[in-house]
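Working through the structure, step by step
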Amino acid sequence: MAADDAEPHGIEVHLDRLLAERRMTLTELADQVGVTNVNLSVLKNGRARAIRFSTLTRLCEVLECQPGDLLSHRPK
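Here the structure is a predicted model, which is why all the values come from computation and not from measurement.

1. A short note on the layout of surface pockets
Volume-wise, the largest pocket comes out at about 180 Å³. In this structure, the largest pocket is lined by Val35, Asn39, Leu40, Val42, Leu43, Ala48, Ala50, Ile51, Arg52 and Thr55. Among the elements that line the lining of the largest pocket, the one with the most residues is helix α3 (residues 37-44), at four residues. In the lining of the largest pocket, the residues fall into seven nonpolar, two polar and one charged. Lining the second largest pocket are His9, Ile11, Val13, Leu43, Gly46, Arg47, Ala48, Arg49, Ala50, Ile51 and Leu71. Of the residues that constitute the lining of the second largest pocket, the class distribution is seven nonpolar, two polar and two charged.

Below, the structure is given as structure tokens:
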């Protein structure tokens, strides 16, 4: 199955809101988390199909939040 053919998921990412609340740019967050801007942008725009727990952990540490602050489930 090609990436474009992947089944849609019901997970919403609230990275925009968290960045705005913390007055932080995507570039600053990417640098502090240790991921590329491109990968973080894919996550922010809801196009990611997976996230490593180590990345989720770093995001939560840097943003001082819980995973539920970053992600939520939207029923289909």
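This is not the end of the story, as more comes after the structure.
2. Structural notes on the UniProt feature "domain: HTH cro/C1-type" (unreviewed entry) in the chain
Under the local residue numbering, the UniProt record ascribes the feature "domain: HTH cro/C1-type" (unreviewed entry) to residues 15-70. Measuring from the first to the last C-alpha atom of residues 15-70 gives 6 Å, for a span that is 68% helix and 0% strand.

Thresholds applied
Within each chain, residue numbers correspond to sequence positions counted from 1 in written order. For a predicted model such as this one, the threshold for reporting local features is a pLDDT of at least 70, and the threshold for listing and counting side-chain atom pairs is 80 or more; totals across whole chains, interfaces and linings nevertheless cover every residue. Excluded from the side-chain calculation are hydrogens and water; included are all heavy atoms of the structure. Here a cavity denotes a set of grid points, spaced 1 Å apart and computed over the protein atoms alone, in which a 1.4 Å probe fits but from which it cannot get out, and a pocket denotes an open set meeting protein on both sides within 12 Å along at least five of seven lines; residues with an atom within 4 Å of a point are reported as lining. Grid points are joined across faces, edges and corners, and a volume is the space filled by probe spheres set on the points. Secondary structure is summarised from DSSP: a helix means a run of H or I of at least four residues, a strand means a run of E of at least two, and numbering begins at the N terminus for each. Residue polarity follows a fixed list, in which Ala, Val, Leu, Ile, Met, Phe, Trp, Tyr, Cys and Pro are nonpolar, Asp, Glu, Lys and Arg are charged, and the others, Gly among them, are polar. UniProt positions are given in the numbering used here, feature names are shortened, and annotations may be inferred rather than shown by experiment.

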